[in-house]
Amino acid sequence: MNRPERIENDTAALMRGIGEAAKAASRRLAIATPEEKNNALKAAAKALRAAAPKILEANVKDVEAAKAAGRPASFVDRLLLDEKRVAGIAKGLEEIAELPDPIGTVLAEWTRPNGLKFQRVRVPLGTIGIIYESRPNVTADAGALSLKAGNASILRGGSESHHSSVAIHACLVEGLRAAGLPEAAIQLVPTTDREAVGAMLRGLDGAVDVIVPRGGKSLVQRVQEEARVPVFAHLEGICHTYVDKAANIDMALAIVVNAKMRRTGVCGATECLLIDKNAKSDFVTLLVQALLDEGCEVRGDAFVQKADPRVKAATAEDYGKEFLEPIIAVKMVDGVDEAIDHIARYGSQHTDAIITDSTTTGERFLDRVDSAIVLVNASTQFADGGEFGFGGEIGIATGKMHARGPVGVEQLTSFKYKVRGNGQIRPK
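Below is a summary of the structure that appears in this document. Everything quoted here is computed from the prediction, not taken from an experiment.

This next bit is on the overall build of the protein. Along the backbone of the protein there are 14 helices and 16 strands. For the protein, the C-alpha radius of gyration of 24 Å lies close to 22 Å, the compact-globule estimate for 428 residues. Along the three orthogonal principal directions, the C-alpha set of the protein runs to about 70 × 65 × 45 Å. The 428 residues of the protein split such that 53% are buried. Counted over contacts in the protein with a minimum sequence separation of 6, partners at least 24 positions apart contribute 71%. Separation between the mean location of the 54 positive side-chain charges and that of the 56 negative ones in the protein comes to 6 Å.

In C-alpha cells:
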C-alpha cells in the first residue's frame, strides 16, 4: 500500500469512529435536561475566558500564516481574534444558555372524533456536520447551538483556523465534562485532510443527519453538489440596499456606510447600492462621496460616475457579484419596482434592505422581495443570528426547505408526533 492510500484509509477509519461516537452521543443529548445543557454552556464560557491568552496565542499562528500566504485583508479579519472577540464568544455561549429550551415544546395538539389525542412535539435533528472556513468563532457558535438543540455536532474547520479552533474546542469539551455530558457531543475533526470533508458529505454511514457549510463559494458549491444528506446553506451573500426617493438622507448615509463598511468580509455586507433616480439631485453625490471617503471603491453606471470623478465604470459582472472587499456596485433605478426587479435578477435571496420614509413603499418592498431577510430602514449587517436574539447562528440559510435565514436553535430541530389512545383500532 502506498502512502496516499494509507493516509486515505486512516482518514476514513478516523471519520467512521467520529461518526459512531457522535451517533451514540446524540442519543444521550436527546434526553439531556435543559439544566445539563445550560451548565455545559456556562462552564464552557468560563473556560473560554480563562483560556483567552492560550486562544489568542493560537490565533496569532493562524493569522501570521494567513498573512504569509497573501490572504486578503477581509479574510484575515474573519480569522482574527482579540480579547474583545474572545469575550464576545464567551458571552454568546451564555446567551445561548439563557434561551428557552426548544426540545419537548408542543407545537400543536388536537383530538380526533375517535378519541385519539395528537401532539406535534419538537425534537433534535440528531447529528449535525458543520464545515467552515477561516471563522474560529464558528467552532463555539456551532457547537453551542447544536448542543442547546439536543444535537451532537461534528466540526470540520479549515486549515487556516486550525490552531484557533483546537483551542476553542478544548473549552467546549471542558464544559461538557463539567456537566456530565459525553465529550463526543461536540467533536472537532483533528485532520485537515480534505477527504474528511468527503466522508462527512457521504453521511458517515448514516451518522450525519444534516450538513451546514459556512465559507466561500467553492466550499458551498462542493457541499451542495456532493452531499448525500440534507444541507442548510447559502451560496453567496449578494445583498442590496435600495435608497428610495422618500428616504431621509441622513438616515440613508448612516445605513449605507454601515451596511457596506462595518465589516466588508461578512455575508451580510451590502454589495450593491440601488438609488431611486427620482430622489433629490444631491442624494447620489452625498451617498457616493460618503462611501469613497470611507475608503470604499465605487463602481457605478454612467449617471453615478457623474457624481464624483473617483467613481469607476461598472461592468455587467459587477452587478450580482459578492465582493467581500471595500468595493460596491451602484446603479440608478426607476423606483421601487425596478429595484425589486433588479434584486430578483441579481440577488442571492440572502438579505436586502430599503431606506424610505414611505410606509406604503416599505411594505411593498417587504412583501415583494423574496429573500430570507428583508429590512426597512436598517443595515443589512443585521443579518446575524445574535442580532435576531438567537444567541448566535451556524449560518444563514437561503433555501426554502426547513430552515431559512439565521440558523439558530429552533432551526436545528425537527418534530415528531405523539399519539395517545385508549384502545382504538382502525375500522375495516
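It is worth spelling out the packing of aromatic side chains at this point. Per the counting criterion, the structure on display carries six aromatic pairs. On the numbers, 5.6 Å between centres and 80 degrees between planes, the contact of F415 with Y417 is edge-to-face. Here the aromatic cluster, defined as three or more aromatic residues joined through ring pairs, consists of W110, F118, F415 and Y417. Over the ring of F75 we find R71, and its NZ or CZ is 4.3 Å from the ring centre. Stacked on the ring of Y319, the Lys or Arg K331 has its end atom at 5.6 Å from the ring centre.

Once that is clear, we can look at the side chain of D101. The residue D101 is located in the loop between α5 (83-98) and β1 (106-111) in this model. With relative accessibility at 18%, the residue D101 sits in the buried group. There is a polar contact of 2.8 Å between the side chain of D101 and the side chain of K37. Setting aside residues up to four positions removed in sequence, D101 forms contacts with P34, K37 and K148.

Thresholds, definitions, all that
Residues numbered from 1 in each chain as written. Predicted model: local features only at pLDDT ≥ 70, side-chain atom pairs only at ≥ 80, totals over all residues. Heavy atoms only, no water. Helix = DSSP H or I, 4+ residues; strand = E, 2+ residues; numbered from the N terminus. Rg over C-alpha atoms; globule rule 2.2 N^0.38 Å. Buried < 20%, exposed > 50% of the residue type's maximum accessible area, 1.4 Å probe, protein only. Contact = heavy atoms within 4.5 Å. Lys, Arg positive; Asp, Glu negative; His and termini not counted. Charge placed at Lys NZ, Arg CZ, Asp CG, Glu CD. Phe/Tyr/Trp six-rings, centres within 6.5 Å; stacked < 30°, edge-to-face > 60°. Lys NZ or Arg CZ within 6 Å of the ring centre and 35° of its normal. Polar contact = N/O pair within 3.5 Å; in protein donor to acceptor, adjacent residues only side chain to side chain.

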